[in-house]
Amino acid sequence: MSEFKLPSLGADMDRGRLLEWRVKPGDVVKKGDVVAVVDTTKAAIDVEIWSSGTVQDLLLQPGDDVPVGTPMLRLADDGEPATVATQPPRMSAPPQTLMSAPAPRVAPPAHAAPPPAAARRRISPAARKRAEELGVDLNKLTGTGPDAAVTIEDVLRAGAASTAVAPPIAAVGAAPISERASAMRQTIAAAMARSKREIPHYYLATEVPLERATDWLARANAERPVTARILMAALFIKATALAAHKYPEMNGFCRDGTFEARSDVNVGVAISLRQGGLVAPALMNTDSKPLDDIMRGLTDLVKRTRAFSLRASELSEPTLTLTNLGEQGVELVQGVIYPPQVALVGFGKPTRRAWVEGNTLRLIPVVSLSLAADHRVSDGHRGALFLAHIRELLQQPDTL
Amino acid sequence: MDPAEVRTTIAQVLATIAPEVDLETLDARAPLRDQVDLDSMDFLNLIVGLHERLQIDIPESDYARLVSLDDLVAYLAAKAAR
Amino acid sequence: MNTPTRISYREALREAHREALAKDPRVFLIGEDVGRYGGSYAVSKGLLEEFGPERIRDAPLSELGFVGAGIGAALGGMRPIVEVMTVNFSLLALDQIVNTAATLRHMSGGQFSVPVVIRMATGAGRQLAAQHSHSLEVWYAHVPGIKVLAPATIEDAHGMLSLALDDPDPTVIFEHALLYNLEGERPSSWPQIDIERAAVRRSGADVSLICYGGTLWKTLAAANTLASIGIEAEVIDLRVLRPLDEETILASVRRTHRAVVVDEGWKTCSLAAEIMALMAEQAFYDLDAPLSRVCSAEVPIPYAKHMEEAALPQPQRIVDSVKTMLGRG
C-alpha cells in the first residue's frame, strides 16, 4: 500500500487545490496516468501518478486546498490485493441466528505492513505558519536550525529576499489583476530571487545569421497549408534541444549543489500570459522530435498554458529553458535561470543587418543568441561551444 | 464578401486568442500586432482561424501586407470576393 | 526604629506570620517544632514568646492529626496556618488535604469552606537524602479545590501568606528549602502582589525559560550565562502552580517561539509536562523548536553531594538545553 502525495509541480509551487478526481476507488492506474486536476497559481494541472496499482481510496475532496506533500490517494501496489476489490460485501447475506452454523469465513484480505513513513522534513510549526503568511515556498528553503530544521528565521530571510525583488504588482491605471496573477507574481518573484541568490550565473551572447533558416522556412511554409506552417521558434527550440543533448552540462538539475545531467531533453518554453505572468512548460523529448511534432507541440502547449491546463510533468520536467523575447522586439536576452535548471537560452528579435561573410558584405536577417548558465556546473568555454553549436545547427535547417 | 462581415469574423477569431481585446477601441489603421500584443504564434493562430472560417488561403508571403486591421479586412474581403 | 536593610526569605516569612497573627485573632500556627524549637527551618523563631502557646502550637508527630486539626479549625471559623516540615512528610496528610480540605466546598454545595493555609518546605540541595528532598508540588497542583503557591522571592515569601489567609479555600504554600537563606534588599514598603499571575522575572526575545520556586535562581543564572553568548532568555516565574497562569506562559512563548521548562520535580508526569502540554495545545503554531525541559533525574534524590547535584536541574543543564534548541550546541 502506498500513498500518493500532492507533488510539487515546479520549484515555485507549495500548495494546490483539488479541482476534480479523474479516478475512483478500484480503478487500476499505471505510472503516468492522470489521476486528478489540481489548481495551482500557474494553471489547472493534470496530475500524473508516479506508480502503478489499484486506487484504494481518495483522501481529498474537490475544493480542498492543501500543501504539497499532502497524501491525495491510497494505492494498492501491483500484486497487492486491494481491499476495495476483495473486501467482503457488508451484510450481503441475511443475518444468521446465533444457533445456525457459522457462515463460511471469507479470508481477510492480506494487508501488507504499512511502509515506514518517509522522514518528514523538519519545519517548525511557527515557520510553516509564517511561510504561509509571507507566501514563502518552504520547499526551497534550507533549514539552518538544529537537525537542519527550517525555522522562522529561515522563512523571514527568504521572505525578505523575495520581497526585495518582487516588482510592483499592479501598474497605475491597469485593470485589477486576478488573484492568480498576483499569486503567480509572488511565485515567480520567489523562484527568480532564489535563482539570483543561489546560482552563480554567467552570461554569453553571439549573433546568428538566419538567412538560411529564413529562406528554408519560407520555402517550406509556401508548400504547406496554413494549418501546417512552422514558426522560426520551432527551429530555435529544435536546435537548442540538439545542442543540449550534445552538451549535457546545460541540461539537467542542480539540487543542493549536486548536478544531475538528464539524458532526455525537455525544452521549457517561456510562454507569457496575456494577463501577465509567465510559465515555461516543457516540450517533452524535444531533441528526438521532428520539427512538425515540435510545432504541433508548441501550438498545443501555448494554447493549454493560456487556458491554464497543463500536465504535471510539463511543469516539473523542463531540463532547460528557452525564451524568445525577440517577439517583443528586444535584441538581446540576459535571462534568469529557473531553478533547479542550469541553463537558459535566449533569442532576441531577428533583424536585417549588414553581415560580413568571407569578403562580402550583405544584408541578412540576424538574431542574437544568449546563454545564462550555472557556473557551478559549467564554464564559459563549454557555454561558448554550446552556443556555437546552436548557431551551426541553425545554418543547416533541413537537418533539424 | 461584406467588409463588415469580415470584420466580425476577425473579431470572433481574435477573441479566442486575445479575449481582452475590444476591436472597437483599436486604431484600424495602426499596426495590429503592436496594439494587441500578438506574437508570431498568436498571429499564426489568427491566420489559421481566419482560414478555417472563411476558407481563404493566406500565404506566408502575404503576411507583410497584413499590418493594420484595415489591411486585413481589405485583403480578406478582396480574396473572398474571388 | 532601625530597620535592617537586608532581609532573608526566612525573615520575610516570619514577618508575614507576625503581621498576620497581630492583625487577625483567628490566625494561629500549628506544626511540628514550630514553638519551642522555632520551626525546623527557624521560620517561627521567637513567635511563641511573642504570641504565646495558644497561637503558636507545637503538634505531635502526626501529620494526619495536626493537618486534620487545622482543617477542622478552618471549618470552625479559624484561619490556621499549618506548617509541615517537608512535602515528603505531607504525604501522611494527603487524605486530609485531598479528600477533605479540597472537596468540602464542592460536597457541601458551597455551605462549607476550608480557609486553611498549609506551608511546607520542598526540594533538595541540603544533603537530606531521599526521604527529605523531593519536589512533589505537582501532586497538589493536580488536585482541584486547592490553590498551590510557590514563592521564589523575598517579596512573595512575605506577601503570599496574608493573601493565602484571605482566600476562603485551602492553600498550599511550597517553600524551597534552599531559599530560606536567600537574602535581599529589604523594601522600604512591601510591594502589592497577587496570587493569580506568573511573573516575568527577566525579559528576552529568544527563548522562554519557565520555572518556579527553587529553580528560579538557577534559571536566572542560566539566563545570564546565555546573555553572555548573545541569547536573550525570558524567565517566567510561575508563582502560582494551581491554577496556572496560562495567559502569561502562552504570551511569552508566542513571543519567543521556544521554551524550556525547568522543574525540580521528576520529569515523568511533572508540572513541566503539564506546561509543555499547554504550550503544545495552545501555542503549537507559534513554536519554532521542539519544547524542552530540565527536570530532576528519575531517581530518589541521592545523599552524596556530587550525586545530589548531578540529579538536580543545574544552570549548566539549562544553558545546554537552550543551546541545543537554538542549534548553538
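Refer to the structure above for everything that follows.
Presented here is an overview of the structure given in this document. If you're wondering where the values come from, they're calculated on a predicted model, not measured in any experiment.

## A few points about the interface of chain A and chain B
Contacts between the two partners involve 16 residues from chain A, matched on the other side by 23 residues from chain B. Together, A:Val226, A:Arg229 and A:Arg274 form the three largest contributors to the area buried by chain A at its contact with chain B, with a combined 46%. The tally of links between chain A and chain B comes to one salt bridge. Our count for the chain A to chain B interface comes out at three residue pairs in polar contact (both at pLDDT 80 or more). At the level of elements, helix 5 (211-222) and helix 7 (291-306) of chain A are the ones that each hand at least two residues to the side of chain A that touches chain B. Looking at the side of chain A that touches chain B element by element, the count peaks at five residues for helix 7 of chain A. Here the residues of the side of chain A that touches chain B sort into eight nonpolar, four polar and four charged.

## Some details on empty space enclosed by the protein
Scanning the entire structure with this criterion turns up six cavities of 30 Å³ or more. Roughly 90 Å³ of volume is contained in the largest cavity. Forming the boundary of the largest cavity are ten residues, of which A:Lys140, A:Leu141, A:Ala158, A:Ala190 and A:Arg197 lie nearest the centre. Where the lining of the largest cavity is concerned, the elements lending two or more residues are helix 3 (152-165) and helix 4 (179-198) of chain A. For the lining of the largest cavity, the residue count by class is five nonpolar, one polar and four charged. Approximately 60 Å³ is the volume found for the second largest cavity. Together, C:Thr122, C:Ser135, C:Glu137, C:Ala150, C:Pro151, C:Phe174, C:His176, C:Tyr212, C:Gly213, C:Gly214, C:Thr215 and C:Glu264 line the second largest cavity. Counting contributing residues per domain, the lining of the second largest cavity is built from domain 1 (6-185) and domain 2 (199-325) of chain C, each supplying no fewer than three.

## Topic: the layout of surface pockets
Of the pockets and cavities examined, the second largest pocket occupies roughly 1,200 Å³. Lining the second largest pocket we find 33 residues, and of these A:Glu327, A:Pro350, B:Arg33, B:Ser40 and B:Tyr63 sit closest to its centre. For the lining of the second largest pocket, the elements supplying multiple residues, two or more each, are helix 5, helix 6 (232-246) and strand 19 (351-357) of chain A together with helix 2 (32-36) and helix 3 (40-54) of chain B. Broken down by element, the residue count for the lining of the second largest pocket peaks at four residues, all from helix 5 of chain A. Tallied by class, residues from the lining of the second largest pocket come to 18 nonpolar, eight polar and seven charged.

## Comments concerning the environment of C:Leu220
Residue and element names in this part refer to chain C. Note on placement: Leu220 falls in helix 9 (residues 215-228). Separated by 15 residues in sequence, Leu220 and Val235 place their C-alpha atoms 6.9 Å apart. If we skip the residues at most four places from it in the chain, Leu220 touches Arg201, Arg202 and Val235.

## Focus: the sheet that holds strand 5 (residues 117-122) of chain C
Residues and elements named next belong to chain C. Across the sheet, which stays open at both edges, the seven strands sit in the order 3-2-4-5-7-6-12 with mixed pairing between neighbours. Strands with a single pairing partner mark the edges of an open sheet, and in this sheet they are strand 3 (56-58) and strand 12 (240-242). Each strand of the sheet is rotated relative to its neighbour by a mean of 20 degrees, with strand direction disregarded. Sheet topology note: the strand 6 (residues 147-149)/strand 7 (residues 171-176) ladder contains three bridges and is parallel. For Leu149, the partnering residue across the bridge sits in strand 7 and is Ile173.

## With respect to the interface of chain C and chain A
If you look at the interface, chain C gives eleven residues, while chain A gives ten residues. Interface area, chain C with chain A, both sides summed: about 700 Å², of which 59% is carbon and sulfur. Contact with chain A buries surface across chain C, with C:Tyr285, C:Leu287 and C:Asp288 losing the most and accounting together for 58% of the total. The tally of links between chain C and chain A comes to one salt bridge. The salt bridge involving A:Lys129 is made with C:Asp286; its shortest N-O contact spans 2.9 Å. The interface formed by chain C and chain A includes six residue pairs in polar contact (both at pLDDT 80 or more). Of the residues that constitute the side of chain C that touches chain A, the class distribution is six nonpolar, three polar and two charged.

## Considering the packing of helix 3 (residues 63-75) of chain C against helix 5 (residues 94-101) of chain C
Residue and element names in this part refer to chain C. Running from N to C, helix 3 and helix 5 point in directions that differ by 30 degrees, and their axes come no closer than 8 Å. Taken together, the axes of helix 3 and helix 5 lie roughly parallel to each other. Contact residues: Leu64, Val67, Gly68 and Ile71 in helix 3; Gln96, Ile97, Thr100 and Ala101 in helix 5. For the contact of helix 3 with helix 5, a count of residues per class yields five nonpolar, three polar and no charged.

## Things to note about the nonpolar core
Formed by 107 residues in total, the largest nonpolar core has its most connected members in A:Leu235, A:Phe386, A:Ile390, A:Leu394, B:Leu46 and B:Leu76. Sort the elements by how many residues they give to this core and helix 6 of chain A lands first, with ten residues. Taken together, domain 1 (2-85) and domain 3 (201-399) of chain A each give at least three residues to this core, which thus spans both. Residues contacting A:Phe386, with those up to four places away along its chain left out, are A:Thr240, A:Ala243, A:Ala244, A:Tyr247, A:Met250, A:Leu320, A:Val345 and A:Leu371. Formed by 49 residues, the second largest nonpolar core is a distinct cluster that contains C:Ala101, C:Ile146, C:Tyr212 and C:Val253.

## A short note on the environment of C:Arg317
Residues and elements named next belong to chain C. Within the secondary structure, Arg317 is located in helix 13 (residues 315-325). At 2.7 Å, the side chain of Arg317 and the backbone oxygen of Cys295 are in polar contact. A polar side-chain atom of Arg317 sits 3.1 Å from the main-chain carbonyl oxygen of Leu312.

About the thresholds
Residues numbered from 1 in each chain as written. Chains lettered and ligands numbered in written order. Predicted model: local features only at pLDDT ≥ 70, side-chain atom pairs only at ≥ 80, totals over all residues. Heavy atoms only, no water. Contact = heavy atoms within 4.5 Å. Buried area = accessible area lost by both parts, 1.4 Å probe. Salt bridge = Lys/Arg side-chain N within 4 Å of Asp/Glu carboxyl O. Polar contact = N/O pair within 3.5 Å; in protein donor to acceptor, adjacent residues only side chain to side chain. Helix = DSSP H or I, 4+ residues; strand = E, 2+ residues; numbered from the N terminus. Nonpolar A, V, L, I, M, F, W, Y, C, P; charged D, E, K, R; others polar. 1 Å grid on protein atoms, 1.4 Å probe; cavity = no way out; pocket = protein on both sides within 12 Å on 5 of 7 lines; lining within 4 Å. Points joined across faces, edges and corners; volume = space filled by probe spheres on them. Domains from an automatic or database assignment. Pairing = 2+ DSSP bridges. Axes fitted to C-alpha atoms, helices over the stretch in contact; angles between N-to-C directions. Parallel < 35°, antiparallel > 145°, perpendicular 65-115°, else oblique. Core = buried A, V, L, I, M, F, W, Y, C linked by side-chain atoms within 4.5 Å. Buried < 20%, exposed > 50% of the residue type's maximum accessible area, 1.4 Å probe, protein only.

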